[in-house]
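Residue strings, one per chain:
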Number of protein chains: 2
Amino acid sequence: MKTDEKLRAYLRRKGLKITQQRQEIAEKFLGANRHLSAEELYQSIRRTHPEVGLSTVYRTLKLLVDAGLASRRDFGDGIMRYEPCSDEGHHDHLICIRCGAIIEFENQKIEALQKEVAALKGFTVTRHRLEIYGYCEKCRSSGRSQGQQKKIRERHR
Amino acid sequence: MKTDEKLRAYLRRKGLKITQQRQEIAEKFLGANRHLSAEELYQSIRRTHPEVGLSTVYRTLKLLVDAGLASRRDFGDGIMRYEPCSDEGHHDHLICIRCGAIIEFENQKIEALQKEVAALKGFTVTRHRLEIYGYCEKCRSSGRSQGQQKKIRERHR
DNA sequence: CTTTATGCAAAAGGTTTGCAACAGT
DNA sequence: ACTGTTGCAAACCTTTTGCATAAAG
């Protein structure tokens, strides 16, 4: 079953309506395989469908998360980002604090160790998040070492 | 050098002023060895010093972060939390999505693997964050398994 | 027809900032 | 005296909501 069919199935199952907007938003979102903020997605949709509202983007994104088609990420700059959920295993992120590049990676050993640590503390894991911040290959040459905490935050203003 | 002396040193070095408020805030913050939100810290200080303003708490917290005495954490519920920076190695968090308990842990093997993964992608690591969400020992017995994404978010409203 | 969705504008809620009064150096 | 700081209120920014209108089933 392809992903946008999955959304329709979910909506039917819940007795919700399959609207133009929902389909448009889901298509644009699932098509772009990047991390998108609500605003970015909104701007992208607005170019072809100027009548779609930002609230609807937020509402649909929430639906997609509930339907298991998107996951919500928070990289600490005060903006939530969403990314399409692939069925292939969980992945984590390397984030460049200079250029903002986001690189995904997957590591079974780390996953396993996490479960181990959790078990040791009597914890049942439902999900986790791992983000590694630093300088990517391109940016590391002109490296500096202070003010790490601030870099990403700057766009908040 | 004890921590509040460190702050004074930092302020002097930067030509900033050592005020009553900064000292009070730093003391309360460094004393409570928990994760505190700005608001929590503010309420706690307000009991003994009702004249201190919330903005000053925010401003001082930022200072503490810059001085390397605090680190800022974001557990994804829209509220930034701060915790005193210890010099003893980095630690990560287990977070109960039912009762909100936050348990710290440290695991060298995971740290090492992270560096390894990063190096593989040409990345220079400056910091990272790992959070494992699930049910703590107390809460797991009455466990349920859906709606994980939403649990923590609820307090946002 | 009934029910759920939409768009807009307004509200929330955490965090930041402008400014005049104030305190440290 | 000179600068940096404070408290307050207002501004900000992302996200959510109330409501009247519109679209789906």
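On a predicted model such as this, the values are computed, not experimentally measured, just so you know.

(A) Focus on the pairing of strand 5 (residues 102–105) of chain B. Residues and elements named next belong to chain B. Where strand 4 (residues 92–96) and strand 5 come together, four bridges link them in antiparallel fashion. Paired with Asp92 across the two strands is Phe105, which belongs to strand 5. The antiparallel pairing of strand 4 with strand 5 creates a hairpin that spans five residues between the two strands, and Gly100 there sits at a positive phi of about 85°.

(B) Here's a closer look at the protein's contact with DNA strand C. The immediate surroundings of DNA strand C are formed by 23 residues, with Leu16, Lys17, Thr56 and Arg59 of chain A together with Tyr58 of chain B found nearest. When atoms of DNA strand C within 4 Å of the protein are sorted by moiety, sugar and phosphate together comprise 69%. Looking at the surface near DNA strand C, the elements with two or more residues in it are helix 2 (20–31) and helix 4 (54–66) of chain A together with helix 4 (54–66) of chain B. Considered class by class, the residues forming the surface near DNA strand C number six nonpolar, eight polar and nine charged.

(C) Examining the side chain of Gln114 of chain B more closely. Mapped onto the fold, Gln114 of chain B is located in helix 5 (residues 108–120). By relative accessible area, Gln114 of chain B is classed as buried at 2%.

(D) View of the interface of chain A and chain B. At the interface, 44 residues of chain A touch 45 residues of chain B. Joining chain A to chain B, the criterion identifies two salt bridges. Across the pair Glu131 of chain B and Arg129 of chain A runs a salt bridge, and its minimum N-O distance is 3.4 Å. The interface formed by chain A and chain B includes twelve residue pairs in polar contact (both at pLDDT 80 or more). Contributions of two or more residues to the side of chain A that touches chain B are made by helix 4, strand 2 (70–74), strand 4 (92–96), strand 5 (102–105), helix 5 (108–120), strand 6 (124–135), helix 6 (137–140) and helix 7 (148–151) of chain A. Counting residues per element, the side of chain A that touches chain B draws most heavily on strand 6 of chain A, at twelve residues. Of the residues contributing to the side of chain A that touches chain B, the split by class is 20 nonpolar, eleven polar and 13 charged.

What counts and what doesn't
Counting restarts for each chain, with residues numbered from 1 along the sequence as it is written. Chain letters and ligand numbers both follow the written order, the letters beginning at A and the numbers at 1. For a predicted model such as this one, the threshold for reporting local features is a pLDDT of at least 70, and the threshold for listing and counting side-chain atom pairs is 80 or more; totals across whole chains, interfaces and linings nevertheless cover every residue. Based on all heavy atoms of the structure, the side-chain values leave hydrogens and waters out of the count. Note on pairing: two strands pair once DSSP finds at least 2 bridges between them. Only DSSP runs of H or I covering at least 4 residues are called helices, and only runs of E covering at least 2 are called strands; the numbering of each starts at the N terminus. It suffices for a single heavy atom of a residue to lie within 4 Å of a molecule or strand for the residue to be listed as near it. Polarity classes work like this: nonpolar for Ala, Val, Leu, Ile, Met, Phe, Trp, Tyr, Cys and Pro, charged for Asp, Glu, Lys and Arg, and polar for all others, with Gly in that last group. The rule is simple: take the accessible area with a 1.4 Å probe, protein chains only, and divide by the maximum for that residue type; under 20% is buried, over 50% is exposed, in between is partly exposed. By definition in these notes, contact holds between two residues if any of their heavy atoms fall within 4.5 Å. We define a salt bridge as a side-chain nitrogen of Lys or Arg found within 4 Å of a carboxyl oxygen belonging to Asp or Glu. A 3.5 Å cut-off defines polar contacts: any pair of N or O atoms within that distance qualifies, except that in protein one atom must be a possible hydrogen donor and the other a possible acceptor, and neighbouring residues in sequence count only when both atoms are side-chain atoms.

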